[in-house]
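Here's the letter readout for the chains.
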Amino acid sequence: MERPGEGADAPDAPGSPGSARTGDGPPARSRRRGRTAALIGAAAALGLVAGTCAGYLVQAGRAPTKLPSLSQPVPVRVEGEPAEPLAAARDRRVKTDGDLRELLLKKPAGARDADYFTGDDGWLDLAGYAAVYDRPDNKFGDLIGDEFRRAAVTGWRVGGTHQVEIRLIQFRQEESLAASGSAENSRYWAEQKTDGEGRAVPGTGDGMAYVHSRPDTEPGYLPVYIAEAHAWRGDIAMEIWISDTKPIPQAKITDLAERQMERL
């Protein structure tokens, strides 16, 4: 006895070629699945090849397209703008990325080195700048968050007691406008300890100069009067400090700040 699926007359599996029959006659020819699809696919491939060849022939018959010049076109001059690139002396980015110490005001004729000076060859590193604050450990962390880049400093003494110190603090400013924030923070604290109003530094927008009318006093020392100025431009914050044993004229600190900002 033959088992189902064995022998010459056994039916094919459902859906497989040769499963369809007509009456008692010979088996109907089964449909070969995929043949039509193969023919269609071959025709499509031939059509694609023919189309591609035709495309190449059409493109070959066209005149070559002129490629654009690799050099940059000459910019159209707008009224009020320079036709040529800025010279290094006028390009602020060139100035501020160079030696920052060169942007500091020069020591006046007849002035001597300050008795107390925060800096090493005109530079203040991160730790050195943080050390000028009351809480250097906190300031150190703040400066890291503010993307401190570098600081340049100069100072001098005129006469026996008049001393000046100027600092330029530069930030990377990849995440925030730290220079303006630094100046704003300094102005806030200056206004907390002054009993008079500050005066705007001309040409700086929000730069301010302050004169503290009440001196700092300490037993065994002469009273010390303080004046300070804070402003910013681009990625640089400016700080100026003047100390003397006698009151400091407002015009003195304001003029010094204005002249320093003109160099930025």
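Refer to the preceding data block for the structure.
Treat the numbers as computed from the prediction; the structure is a model and nothing was measured.

### Structural notes on the overall build of the protein chain
Looking only at helices and strands, one finds six helices and seven strands in the protein chain. Counting every position in the protein chain, which comprises 264 residues, the buried fraction comes to 30%. Considering only intrachain contacts with a sequence separation of at least 6, the fraction spanning at least 24 residues in the protein chain is 55%. Put simply, the protein chain shows about 18100 Å² of open surface, and 55% of that area lies on carbon and sulfur atoms.

### With respect to the sheet that holds strand β7 (residues 236-244)
Whenever strands of a sheet pair, they do so through backbone hydrogen bonds, lying parallel or antiparallel. Spatially, the seven strands line up as an open sheet ordered β1-β2-β3-β7-β6-β5-β4, and their pairing is antiparallel. The strands lining the two open edges of the sheet, one partner per strand, are β1 (123-124) and β4 (199-200). As defined by bridge partners, β1 adjoins strand β2 (residues 148-158) across two bridges and the pair is classed as antiparallel. If you follow Leu124 over to β2, its bridge partner there is Ala151. Sheet contacts for helix α5 (residues 178-193): β3 (162-171), β5 (208-216), β6 (224-233) and β7; angle to β6, the most-contacted strand, approximately 155 degrees.

### Quick look at the layout of surface pockets
Taken as a whole, the largest pocket encloses approximately 1500 Å³ of empty space. Val132, Asp134, Arg167, Lys193 and Trp241 are the residues nearest the centre of the largest pocket, which is lined by 47 residues in total. Taken together, the elements giving at least two residues each to the lining of the largest pocket come down to α4 (136-145), β3, α5, β5, β6 and β7. Element by element, the count of residues in the lining of the largest pocket is highest for α5, at eight residues. The residue inventory of the lining of the largest pocket, partitioned by class, reads 14 nonpolar, 16 polar and 17 charged. Lining the second largest pocket are Arg101, Glu102, Leu104, Leu105, Lys106, Asp121, Gly122, Val153 and Thr154.

### Observations concerning the nonpolar core
Membership of the largest hydrophobic core comes to 27 residues, with the highest contact counts inside it found for Leu168, Met238, Ile240, Ile242 and Ile253. Discounting chain neighbours no more than four positions away, the residues touching Ile253 are Ala209, Tyr210, Val211, Ala227, Glu228, Ala229, Ile240 and Ile242. With twelve residues, the next largest nonpolar core counts Ala130, Phe148, Val153 and Phe171 among its residues.

### Some remarks on the packing of aromatic side chains
Following the criterion strictly, the structure yields three aromatic pairs and no others. Look at Tyr188 and Trp189: their rings are 5.2 Å apart centre to centre, the planes differ by 80 degrees, and that puts the pair in the edge-to-face class. Judged by relative accessible area, Tyr188 falls into the partly exposed class, the value being 43%. Residue classification places Trp189 among the exposed positions, given a relative accessible area of 52%. Here a set of aromatic residues connected by ring pairs shows up, and it is made of Tyr129, Tyr133 and Phe148. In this arrangement the basic side chain of Lys139 is found over the ring face of Tyr133, its NZ or CZ atom lying 4.5 Å from the centre.

### Section: the environment of Leu256
When you line up the elements, Leu256 lands in helix α6 (residues 250-262). On the basis of relative accessibility, which here comes to 6%, the residue Leu256 falls in the buried class. Separated by 55 residues in the primary sequence, Leu256 and Val201 have C-alpha atoms spaced 9.4 Å apart. Look past the residues within four positions of Leu256 in its chain and what remains in contact with it is Leu105, Trp156, Val164, Ile240 and Ile242.

### Re unusual backbone geometry
Positioned with a positive phi, Asp121 is a non-glycine residue whose angle comes to about 60 degrees. The topology assignment puts Asp121 in the loop between α2 (92-97) and β1. Given a relative accessible area of 60%, Asp121 falls into the exposed group.

Rules used in this analysis
- Residues numbered from 1 in each chain as written.
- Predicted model: local features only at pLDDT ≥ 70, side-chain atom pairs only at ≥ 80, totals over all residues.
- Heavy atoms only, no water.
- Helix = DSSP H or I, 4+ residues; strand = E, 2+ residues; numbered from the N terminus.
- Buried < 20%, exposed > 50% of the residue type's maximum accessible area, 1.4 Å probe, protein only.
- Contact = heavy atoms within 4.5 Å.
- Areas by Shrake-Rupley, 256 points an atom, 1.4 Å probe, with all protein chains shown as cover.
- Pairing = 2+ DSSP bridges.
- Axes fitted to C-alpha atoms, helices over the stretch in contact; angles between N-to-C directions.
- 1 Å grid on protein atoms, 1.4 Å probe; cavity = no way out; pocket = protein on both sides within 12 Å on 5 of 7 lines; lining within 4 Å.
- Points joined across faces, edges and corners; volume = space filled by probe spheres on them.
- Nonpolar A, V, L, I, M, F, W, Y, C, P; charged D, E, K, R; others polar.
- Core = buried A, V, L, I, M, F, W, Y, C linked by side-chain atoms within 4.5 Å.
- Phe/Tyr/Trp six-rings, centres within 6.5 Å; stacked < 30°, edge-to-face > 60°.
- Lys NZ or Arg CZ within 6 Å of the ring centre and 35° of its normal.

Coordinates in, geometry out; function isn't part of it.
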